[in-house]
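Examination of the molecular architecture
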Amino acid sequence: LAMKRAVELGVSMVHSDLDEENQAGRKLLKMNYFRKIRVFHEMALSLDDKDFDRPSSADSRIKALQKGQEGLLTEIQNLCFDGSWGYHPNEESEIEYCLSLGKCSHDDVLLAFFNGRLAGFCWLTIESESEFGQVLRRGRVHMMGVLPACRRTGLGRSLLLAGLSHLKKKGINRVELTVDSANETAFALYQSSGFRVFSNTHWYEGALR
């Protein structure tokens, strides 16, 4: 039914993502002529033994998003991910909607400045789920980016560490994120910061005939 509806809407290409362990789903997609085109790593980090209390000279470059700055976040996000696979430019109204969903607040979005100009961001979320009668809270690096001209300056690492420190202060002890396996620079940053791969998500593409 989904494929039929997509044809009715004039869609020519469909994407679908699956956990690497989902063999039945993978078989179904292949039967419908989907091909695997991308692999994303699911990574996690425990904050239990992490110490972020020491002051950093980069702290002054990183500030929390303020209400009314949603346009700034929209602009920097679109600039950082321009041309990235699967990314579609956001509008300010979409950013405002995401911030209203309850998984984060404005202070969970960090803005980074380089030479006085906005150069990157780290958007954090907190998810809650019940397990054996207990509510577990898990942090996530929802999205993080640095302008191309400001990469390899240490700004990305400062942003990430500031984000992890922020989550730990909120009582979070586990942080997860998703990274494109083709983005070797981002993957290396997360890996060197202690994140480890615990699963992979495979993306498939199918042309509608």
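Residues numbered from 1 in each chain as written. Predicted model: local features only at pLDDT ≥ 70, side-chain atom pairs only at ≥ 80, totals over all residues. Heavy atoms only, no water.

Details of the environment of Leu164
Condition: A helix here means a DSSP run of H or I that spans at least four residues, while a strand means a run of E at least two residues long, and both kinds are numbered starting from the N terminus. Each residue is placed in one exposure class: buried if its accessible area under a 1.4 Å probe, protein chains only, is under 20% of its type's maximum, exposed if it is over 50%, and partly exposed if it falls in between.
By the element assignment, Leu164 lies in helix α5 (residues 155-169). Leu164 sits in the buried class, given a relative accessible area of 1%.

Brief notes about the packing of aromatic side chains
For clarity, the cut-off: Pairing of aromatic side chains here covers Phe, Tyr and the six-membered ring of Trp, requires ring centres within 6.5 Å, and sorts the geometry by plane angle: under 30 degrees stacked, over 60 edge-to-face, intermediate tilted. Our definition puts a charge over a ring when NZ of Lys or CZ of Arg is within 6 Å of the ring centre and also within 35 degrees of the ring normal.
Per the stated rule, a full pass over the model turns up six aromatic pairs. Arranged with centres 6.3 Å apart and planes meeting at 65°, the rings of Phe81 and Phe121 form a pair that is edge-to-face. Taken together, the positions of Phe81 in the loop between α3 (70-80) and α4 (92-99) and Phe121 in strand β5 (residues 117-131) put the pair 40 residues apart, joining distant regions of the chain. Relative to Trp203, the ring of Trp85 has its centre 5.8 Å away and its plane inclined at 80°; by these criteria the two rings are edge-to-face. Of this pair, Trp85 sits in the loop between α3 and α4 while Trp203 is found in strand β8 (residues 196-207), placing the two residues 118 residues apart along the sequence. The class of Trp85 is partly exposed, set by a relative accessible area of 29%. Taken together, the aromatic side chains of Phe40, Trp85 and Trp203 make up a single cluster linked through ring pairs. In this arrangement the basic side chain of Lys63 is found over the ring face of Phe113, its NZ or CZ atom lying 5.7 Å from the centre. One residue, Arg174, lies across the ring of Phe198, its end atom 5.4 Å from the ring centre.

Regarding the side chain of Glu176
Heads up, the rule is: Here a polar contact is recorded for every N or O atom pair within 3.5 Å, except that within protein the pair must consist of a potential hydrogen donor and a potential acceptor, and residues adjacent in sequence are included only if both atoms are side-chain atoms. Pairs of residues are marked as contacts when any of their non-hydrogen atoms sit within 4.5 Å.
Its location among the elements puts Glu176 in strand β7 (residues 174-180). Look at Glu176 and you get buried, because its relative accessible area is 11%. Among the polar contacts listed, one links the side chain of Glu176 to the side chain of Arg174, at a separation of 2.9 Å. Residues within four places of Glu176 in sequence aside, it is in contact with Met43, Ala44, Arg138, Gly139, Arg140, Val141 and Phe198.

Here we look at the pattern of salt bridges
Pairing between side chains of opposite charge can happen when their charged atoms approach one another. We apply this condition: Should a side-chain nitrogen of Lys or Arg be within 4 Å of a carboxyl oxygen of Asp or Glu, the pair is scored as a salt bridge.
Applying the stated criterion across every chain yields a total of eight salt bridges. With its nearest N and O atoms 3.7 Å apart, the salt bridge here joins Lys170 to Asp107. One end of the pair, Lys170, is in the loop between α5 and β7; the other, Asp107, is in the loop between α4 and β4 (109-114), with 63 residues separating them in the sequence. Judged by its relative accessible area of 29%, Lys170 falls in the partly exposed class.

That is the geometry; function is a separate question.
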